[in-house]
Amino acid sequence: MAYKRLGDLLITVGLLTDDQLKEALAIQKKEGKKLGAVLIEHGFIKQSDLFKTLERQLGVESIDLTQVVIPKDLIQIVPRTLARKYGIVPVRLQQGNLYVAMDDPLNFIAIEDVKVVSRHKVIPLISTAEQITRAQNDLYGSELADKALEELNSQDRGEQNISSSAAADISSDENAAPTIRLVNSFIEYAVHQNASDIHLEPRERQMVVRMRIDGSLRQCFTVPVSSQSAVVARIKVMGSMNVAEHKIPLDGRANIKVDGTDIDMRISTLP
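Thresholds applied
Residue positions are counted from 1 within each chain, in the order its sequence is given. Local features in this predicted model are restricted to residues whose pLDDT is 70 or higher, and side-chain atom pairs enter the listing and the counts only when it is 80 or higher, whereas totals over whole chains, interfaces and linings include all residues. Side-chain measures here rest on the full set of heavy atoms in the structure, leaving out hydrogens and waters. Salt-bridge detection follows one rule: a side-chain nitrogen of Lys or Arg within 4 Å of a carboxyl oxygen of Asp or Glu. Relative accessibility decides the category of a residue: with a 1.4 Å probe and only protein chains considered, values under 20% of the type maximum give buried, values over 50% give exposed, and everything between is partly exposed. pLDDT is a residue-level measure of predictor confidence that goes from 0 to 100. Helical segments are the DSSP runs of H or I of at least four residues, strand segments are the runs of E of at least two, and each set is numbered from the N terminus. Cavities and pockets are found on a 1 Å grid laid over the protein atoms alone: a cavity is a set of points where a 1.4 Å probe fits but cannot escape, a pocket is an open set with protein on both sides within 12 Å along at least five of seven lines, and a lining residue has an atom within 4 Å of such a point. Grid points are joined across faces, edges and corners, and a volume is the space filled by probe spheres set on the points. Under the scheme applied here, ten amino acids are nonpolar (Ala, Val, Leu, Ile, Met, Phe, Trp, Tyr, Cys and Pro), four are charged (Asp, Glu, Lys and Arg), and all others, including Gly, are polar. In this description, strands pair whenever DSSP reports at least two bridges between them. Geometry is summarised by axes, namely lines fitted to C-alpha atoms with helices restricted to the contacting stretch, and by angles between N-to-C directions that run from 0 to 180 degrees. Throughout, a residue-residue contact means that at least one pair of heavy atoms, one from each residue, lies within 4.5 Å.

**Student:** Lay out the pattern of salt bridges with the relevant residues and their values.
**Tutor:** Taken as a whole and assessed by the stated rule, the structure comprises nine salt bridges. Salt-bridge contacts for E201 lead to R203; the nearest nitrogen and oxygen are separated by 2.9 Å. E201 sits in the buried class, given a relative accessible area of 17%. We note a salt bridge from D264 to R253, for which the minimum N-O separation is 2.8 Å.

**Student:** How would you summarise the confidence of the model for the protein chain if you had to cite specific residues and measurements?
**Tutor:** For the protein chain, mean pLDDT is 84; residues scoring 70 or higher make up 90% of the total. Looking over the protein chain, one finds the lowest element-wise mean pLDDT in helix α8 (residues 143-154), namely 75, and the highest in strand β2 (residues 97-102), namely 95.

**Student:** Explain the layout of surface pockets to me, and be specific about the residues and the numbers.
**Tutor:** Here the largest pocket defines a volume of roughly 1,100 Å³. Surrounding the largest pocket, 34 residues form its lining, I198, L200, I235, I267 and S268 being those nearest its centre. Sorting the residues of the lining of the largest pocket by element identifies α9 (178-192), β4 (197-202), α10 (228-238) and β8 (261-269) as the ones contributing at least two each. Considered as a void within the structure, the second largest pocket measures approximately 640 Å³ in volume. Lining of the second largest pocket is provided by 30 residues; of these, L6, K34, L35, G36 and A37 occupy positions nearest its centre. It is helix α3 (residues 35-41) that contributes the most residues to the lining of the second largest pocket, five residues altogether. For the lining of the second largest pocket, the per-class residue count stands at 14 nonpolar, seven polar and nine charged.

**Student:** Talk me through the sheet that holds strand β6 (residues 216-224); I want residue IDs and the actual numbers.
**Tutor:** The pairing of strands in a sheet comes from backbone hydrogen bonds and takes either a parallel or an antiparallel form. Strand order in this open sheet of three strands is β4-β5-β6, and the pairing throughout is antiparallel. Looking along the sheet, the strands with just one partner apiece sit at the ends: β4 and β6. Each neighbouring strand pair of the sheet contributes to a mean axis angle of 25°, computed without reference to strand direction. The sheet strands contacting α9 are β4, β5 (206-213) and β6, and the helix crosses β6 at an angle near 165°.

**Student:** Kindly report on empty space enclosed by the protein, identifying the contributing residues and their values.
**Tutor:** In this structure the tally under the stated criterion is one cavity of 30 Å³ or more. Quantified by volume, the largest cavity comes out at close to 30 Å³. Among the elements that line the lining of the largest cavity, the one with the most residues is α9, at four residues. Across the lining of the largest cavity, the residue classes tally to three nonpolar, three polar and two charged.

**Student:** Quick rundown of unusual backbone geometry? Include the residues and the values.
**Tutor:** Its identity as a non-glycine residue notwithstanding, N194 has a phi of 55°, on the positive side. You can see N194 is positioned in the loop between α9 and β4. In the Ramachandran plot, D214 falls in the positive-phi region, its phi being about 55° despite a non-glycine side chain. Within the secondary structure layout, D214 lies in the loop between β5 and β6.

If you want it as structure tokens, here you go:
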């Protein structure tokens, strides 16, 4: 079956000329972005016109992801790696149909891959790349931390290795010890949520992890009291701080990568 490409579709409905498409394709090659994003960012078309065209020509509905609560169990159907690869997010599973938000519903390779992995018929919905990224972060952000916490709860604390050096790229630490992966997942989650601070607060029964997001502190995770010493030690290692010192405040710094982006962290501890 021959599918019409986005540029050809927009030319057909009169929103784009051949010369504009050629110019946009040249920009796309230079910037490495998706064609739809290039067309909107450089003023060739309006986002609303793109959505209306796709809805009218392809029967694809648009969706405002800021108004949707996505069920957490969908991460078992569409893995995090697949969602990141294609820039998609599952929205709901209804009567055997998997509804997936995409900023390019003409990406039939993505649709077929999701169909094979999920074993469900895939119904594409169109949304903006920004909304999809935010929805991905909300849906998958705590997944790594939850898995690491499960392992911490089932593993003896004495077997954990917290003294290895800080990972250069915390997104590639799947074989690291649970404590390392747990701390890394906190940082990755904070970056994806645009948090400015991470606060780890030891309490009588557990350690509470709070993050400052959009100006307010939010409780995001809890760590069992049996594992809090290992978590603190790991953070001290990352900041090149004295792991054995507990009586005075300490300061350190760490430079890490999250999804290829350099992140500079200041780390402080209190007695």
